[in-house]
Amino acid sequence: MFGLEKPAGQQKPGRSGGFPNMASVGDFNMLSSSIPATKVELSVSCRNLLDRDTFSKSDPICVLYTQAIGNKEWREFGRTEVIDNTLNPDFVRKFIMDYFFEERENLRFDFYDVDSKSPNLSKHDFLGQMFCTLGEIVGSQGSRLEKSIVGIPGKKCGTVIVTAEELGCCRDSVLMQFCANKLDKKDFFGKSDPFLVFHRSNEDGSFTICHKTEVVKNTLNPVWQAFKISVRALCNGDYDRTIKVEVYDWDRDGSHDFIGEFTTSYRELSRGQSQFNVYEVINPKKKGKKKKYVNSGTVTLLSFLIETEVSFLDYIKGGYVTGNKPFLFSQSHCNPSQPTSLHYMNPYQLNAYGMALKAVGEIIQDYDSDKMFPALGFGARLPPDGRVSHEFALNGNPQNPYCHGIDGVMEAYYRSLKSVQLYGPTNFAPVINHVARYAASVKDGSQYFVLLIITDGVISDMAQTKESIVNASKLPMSIIIVGVGLFFFDAMEELDGDVVRISSRGKFAERDIVQFVPFRDYIDRSGNHVLSMARLAKDVLAEIPEQFLSYMRVRGIKPSPAPPPYTPPIHVLQTQI
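This write-up is about the structure you can find in this document. (Residues numbered from 1 in each chain as written. Predicted model: local features only at pLDDT ≥ 70, side-chain atom pairs only at ≥ 80, totals over all residues. Heavy atoms only, no water.)

## Focus: the packing of helix α6 (residues 352-364) against helix α7 (residues 405-417)
What counts, and what does not: To define axes, lines are fitted to C-alpha atoms, for helices over the stretch in contact only, and angles between the resulting N-to-C directions are given on a 0 to 180 degree scale. The helix and strand labels rest on DSSP assignments: H or I over at least four residues marks a helix, E over at least two residues marks a strand, and numbering proceeds from the N terminus. Orientation labels follow simple angle bins: below 35 degrees gives roughly parallel, above 145 gives roughly antiparallel, 65 to 115 gives roughly perpendicular, and whatever is left gives oblique. Less than a right angle of anticlockwise turn of the near helix away from the far helix marks a crossing as left-handed, whereas a clockwise turn marks it as right-handed. When checking whether two residues touch, look at their non-hydrogen atoms; a contact exists if any pair is within 4.5 Å. Each residue is assigned to one of three groups, with Ala, Val, Leu, Ile, Met, Phe, Trp, Tyr, Cys and Pro labelled nonpolar, Asp, Glu, Lys and Arg labelled charged, and all others, Gly among them, labelled polar.
The contact between α6 and α7 brings their axes to 10 Å, and the two run at 160 degrees. In terms of their interaxial angle, α6 and α7 are classed as roughly antiparallel. Crossing angle aside, the handedness with which α6 passes α7 is right-handed. Here Y353, G354, L357, K358, G361 and E362 of α6 come into contact with α7, specifically with I406, D407, V409, M410, Y413 and Y414. Looking at the contact of α6 with α7, its residues break down into seven nonpolar, two polar and three charged.

Here you go:
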């Protein structure tokens with residue numbers, strides 16, 4: 001986030017009323033059927049904008065547009081405030097967006113010199129625009145992206161600086177412990193078996209259960225184990241939201257007896273162990289019937305410790321993920337000149353391999369610092385002697401198999417189809433071991449490797465492949481398998497390990513590192529390949545952040561500190577909020 005100074009000065013009278021949909025914290029939430037990995041706040045600054053005013057400098061505003069998956073239409077997401085008389089604005093209003101690692105979120109930032117109170121942008125002078133993806137911003141060093149503004153031929157339109165910061169209000173977790181004293185006795189032959197049930201309040205006045213403690217048997221003075229819960233689950237980040245705690249006596253048949261309840265809030269609990277966090281347990285029915293009723297016991301907070309959850313974005317900002325090296329391998333045995341081949345080189349559209357490569361690769365490349373990808377194939381006879389290889393460079397250069405960007409990978413893939421003869425058997429273990437050798441050399445987590453295998457499902461070395469995956473599960477790497485064609489993929493499903501954790505020689509994989517999806521499930525019958533490939537990329541990449549975090553947690557690797565936040569020069573500006 002920028003270290004912005006609050007702009008000083010007077011507003012232009014009356015103009016703010018003409019601009020609806022101004023961006024502010026919490027105003028804008030992208031619609032999605034998925035649970036967002038996190039929310040990020042985008043801050044925007046510009047330098048050396050065009051000067052479109054005759055007697056003063058421009059009065060800029062930034063308008064953000066997003067592009068829906070599978071749709072080329074740009075939709076306005078929000079607007080900043082107008083800042084008067086400056087070519088170097090540091091906009092105060094932010095854009096709040098849901099961030100999904102597995103989705104490609106196209107963004108467009110347009111800039112205008114505002115000349116009147118009209119909300120119609122065509123009434124104002126266009127200053128240029130910048131295109132990028134949300135992943136490109138997040139994946140930049142320090143989550144700070146600086147790009148040139150374009151859109152006006154023959155003019156230098158200046159630069160824009162966009163910084164992403166993860167909103168941390170819902171990233172905290174709390175470790176709490178409670179005890180109780182003199183609870184009501186509910187069991188005829190013994191004391192109560194108490195447990196606590198926590199509920200957070202909703203905006204409509206209802207309550208949602210968010211935690212249950214364990215049962216402590218046969219006591220009226222229980223001490224429950226400490227438990228950890230996210231602030232989001234406990235109060236959805238609202239520190240003053242009511243939290244209701246119910247106390248029950250456990251019964252084997254499930255008809256637990258209600259002892260009583262009390263209410264509190266995160267803010268009250270955060271005071272820790274004190275006189276303020278001793279709560280009377282009240283049973284409303286007893287209180288209504290008995291005049292001398294005082295309470296049904298007390299519950300005391302013993303400890304309250306706030307822990308900030310380390311997130312995927314913490315590692316990105318610390319430089320861990322931006323050095324990742326995806327490896328891309330391709331395999332099949334059909335003649336690519338035949339229309340029936342999965343590698344068929346159709347001059348009018350990508351084949352299945354090409355579509356899968358592009359869909360997944362375009363997202364992964366946003367998190368790679370130099371955009372250089374080693375791309376290899378397996379299962380082919382190579383010129384000039386026709387020897388069979390299970391790991392050959394698609395670009396024909398075994399000493400340097402790196403390609404620039406996904407477009408470079410695509411070019412190398414299509415060029416290789418003209419020079420090699422696809423040939424069996426199909427061995428997966430050599431390519432997995434190839435990537436594992438790279439991953440084994442950087443176990444400190446500074447790089448994380450993603451291996452993308454695109455296959456027709458045939459595999460000739462199942463036992464060796466399982467052993468390779470089990471060994472690789474200890475390394476900083478993930479494996480994505482996309483199955484193309486209409487063959488059965490039972491072997492690939494087994495490698496995925498979602499149902500049964502993969503094992504070899506009695507040893508189980510340390511982590512789940514394989515994700516398999518069949519390409520045929522993503523073919524859009526209407527012919528909308530953009531939408532279907534976006535869905536494919538979303539599903540195959542959805543598990544990568546958690547797989548990455550699982551490696552870091554097991555190894556105890558913490559994120560490096562993020563680079564110091566960018567602090568723009570202080571300008572004395574007039575602004576309109």
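What follows picks up the thread again.
## Regarding the packing of helix α8 (residues 429-440) against helix α9 (residues 462-472)
Working note: a packed helix pair is described by the angle between its axes plus the distance between those axes. Axis separation between α8 and α9 bottoms out at 9 Å; the angle between their running directions is 15 degrees. For the element pair α8 / α9, the angle class is roughly parallel. Pair α8 / α9 crosses with left-handed handedness. Contacts between α8 and α9 pair A429, I432 and N433 from the former with Q464, T465, S468, I469 and A472 from the latter.

## Brief notes about the pattern of salt bridges
Think of it this way: side chains of opposite charge can pair up when their charged atoms draw near. To keep it simple, the criterion reads: Should a side-chain nitrogen of Lys or Arg be within 4 Å of a carboxyl oxygen of Asp or Glu, the pair is scored as a salt bridge. Only protein chains enter the accessibility calculation, which uses a 1.4 Å probe. A residue is then buried if its area is under 20% of the maximum for its type, exposed if over 50%, and partly exposed in between.
Scanning the model with the defined rule gives 18 salt bridges in all. The closest approach of N and O atoms between K358 and D407, which form a salt bridge, is 3.7 Å. Note that K358 is positioned in helix α6 and D407 in helix α7, a separation of 49 residues in sequence. Classification of K358 by relative accessible area gives partly exposed; the value is 28%. For D407, a relative accessible area of 56% gives the class exposed. The salt bridge partner of R555 is E510, with a shortest N-O separation of 3.0 Å. Of the two residues, R555 is situated in helix α12 (residues 544-555) and E510 in the loop between β28 (507-508) and β29 (514-518); the sequence distance between them amounts to 45 residues.

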